[in-house]
Amino acid sequence: MISKLKDHIIVVGAGKTGQYVIGELIREKENFVIIDLNEENINKVVEGYNISIPYIVGDAAEEDILLEAGVTKAKALITTLPEDHVNVFVVLSARTLNPTMTIISKVSDVASIRKLIYAGATTVVAAAEIAGTRMARLTTRPDSVNFLDLFAFGNESYRIEEVKIPPKSSIISKKLSELQLSKKFRIMVVAALRKGENIFGPDGDFEILEDDSLMILGRKEDIEEFKEFAKL
């Protein structure tokens with residue numbers, strides 16, 4: 001079912017907010033795929049609407065799961081997970097794989113709104129029921145994307161750190177797709193600085209050069225592991 005979809009919507013999370021999103025999409029007769037780590041949540045949705053719905057049980061922060069859901073062919077992604085930092089990671093993964101899609105994210109703490117926009121969300125919405133209905137409508141009637149300055153993450157479990165590429169780094173002349181950073185280190189390059197120019201959301205063909213600065217998202221220990229590998 002999923003392999004045949006195109007210009008569909010990916011709904012991440014089939015919990016409380018996700019159910020409102022799914023209900024709205026069904027009413028709008030949109031094609032969509034559900035991703036959730038908890039198969040019980042998905043079963044409740046399928047049984048509740050008594051229709052055949054394509055779904056994947058897995059972690060939407062993993063690129064392989066998003067690719068299985070057809071992210072490169074999707075027109076939009078809605079992430080409704082309860083943890084803001086996980087939503088950030090999902091947004092970053094989706095934006096890397098599909099730079100032009102609409103991405104709508106739920107937020108629990110308004111302090112995280114800037115972080116989600118920085119990660120690549122088109123629109124961030126708060127509150128459960130209102131968020132579900134509004135996010136679904138934003139996928140079919142998207143607002144303009146607001147471009148904001150980069151913001152620091154602070155002292156959270158996930159952080160954004162800037163690292164400069166030294167002359168002898170082992171990753172010089174490597175493309176991001178070759179490094180498989182999210183798979184090997186569970187980190188992601190969200191932006192790059194090259195000769196004074198900010199490059200937002202570099203894709204897999206981005207080739208790393210000497211003196212580039214990379215903005216990396218991940219946990220401190222994962223970033224340190226990558227820096228050791230790349231001799232940064």
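Note that this is a predicted model, so its numbers are computed, not measured.

With parallel pairing, the six strands of this open sheet are ordered in space as 3-2-1-4-5-6. The open sheet has two free edges, formed respectively by strand 3 (55-57) and strand 6 (123-126), since each of these has just one partner strand. Sheet twist, expressed as the mean angle between neighbouring strand axes with direction ignored, is 15°. Relative to strand 4 (residues 76-79), strand 1 (residues 9-12) is paired through four bridges, and the arrangement is parallel. Within strand 4, the position partnered with Ile-9 by the bridge is Ala-76. Contacts between helix 2 (residues 39-49) and the sheet are confined to strand 2 (32-36) and strand 3, with strand 3 contributing the most and set at about 160° to the helix. Across the face of the sheet, helix 4 (residues 84-97) comes into contact with strand 1, strand 4 and strand 5 (102-107) while running at roughly 175° to strand 5.

Moving on, we come to the pattern of salt bridges. Tallying each qualifying case throughout the model produces nine salt bridges. The partner of Lys-75 in a salt bridge is Glu-30, with the nearest N and O atoms 3.1 Å apart. With Lys-75 in the loop between helix 3 (63-68) and strand 4 and Glu-30 in the loop between helix 1 (16-27) and strand 2, the pair connects residues that are 45 residues apart, well separated along the chain. Overall, the relative accessible area of 29% leaves Lys-75 in the partly exposed class.

Here the focus is the pairing of strand 4. Of the two faces of strand 4, the one holding Ala-76 and Ile-78 and the one holding Leu-77 and Thr-79 are both buried throughout. Two strands pair when backbone bridges link them, and strand 4 and strand 5 are joined in this way by four bridges, in the parallel orientation. Looking across to strand 5, one finds that Leu-77 is bridged to Ile-103. As a crossover connection, the stretch from strand 4 through helix 4 into strand 5 is right-handed.

Our next topic: the environment of Ala-119. Assignment of secondary structure puts Ala-119 in helix 5 (residues 113-119). If sequence neighbours within four positions are ignored, Ala-119 has contacts with Val-88, Val-91, Leu-92, Arg-95 and Phe-200.

This next bit is on the nonpolar core. It is characteristic of soluble globular proteins that their nonpolar side chains tend to be buried jointly. In this structure, Ile-10, Ile-35, Leu-66, Leu-77 and Val-190 are the most contacted members of the largest nonpolar core, which totals 37 residues. Listing elements by their share of this core, those giving two or more residues are strand 1, strand 2, helix 3, helix 4, strand 5, helix 5, strand 8 (188-194) and strand 10 (213-219). Top element by residues in this core is helix 4. It accounts for seven residues. Discounting chain neighbours no more than four positions away, the residues touching Leu-77 are Ile-10, Val-12, Leu-66, Val-90, Ala-94, Met-101, Thr-102, Ile-103 and Ile-104. Residues Val-163, Ile-208, Ile-216 and Phe-226 belong to the second largest nonpolar core, which totals 17 residues.

Conventions we followed
- Residues numbered from 1 in each chain as written.
- Predicted model: local features only at pLDDT ≥ 70, side-chain atom pairs only at ≥ 80, totals over all residues.
- Heavy atoms only, no water.
- Pairing = 2+ DSSP bridges.
- Helix = DSSP H or I, 4+ residues; strand = E, 2+ residues; numbered from the N terminus.
- Axes fitted to C-alpha atoms, helices over the stretch in contact; angles between N-to-C directions.
- Contact = heavy atoms within 4.5 Å.
- Salt bridge = Lys/Arg side-chain N within 4 Å of Asp/Glu carboxyl O.
- Buried < 20%, exposed > 50% of the residue type's maximum accessible area, 1.4 Å probe, protein only.
- Right-handed = clockwise from strand over helix to strand, strands pointing away.
- Core = buried A, V, L, I, M, F, W, Y, C linked by side-chain atoms within 4.5 Å.

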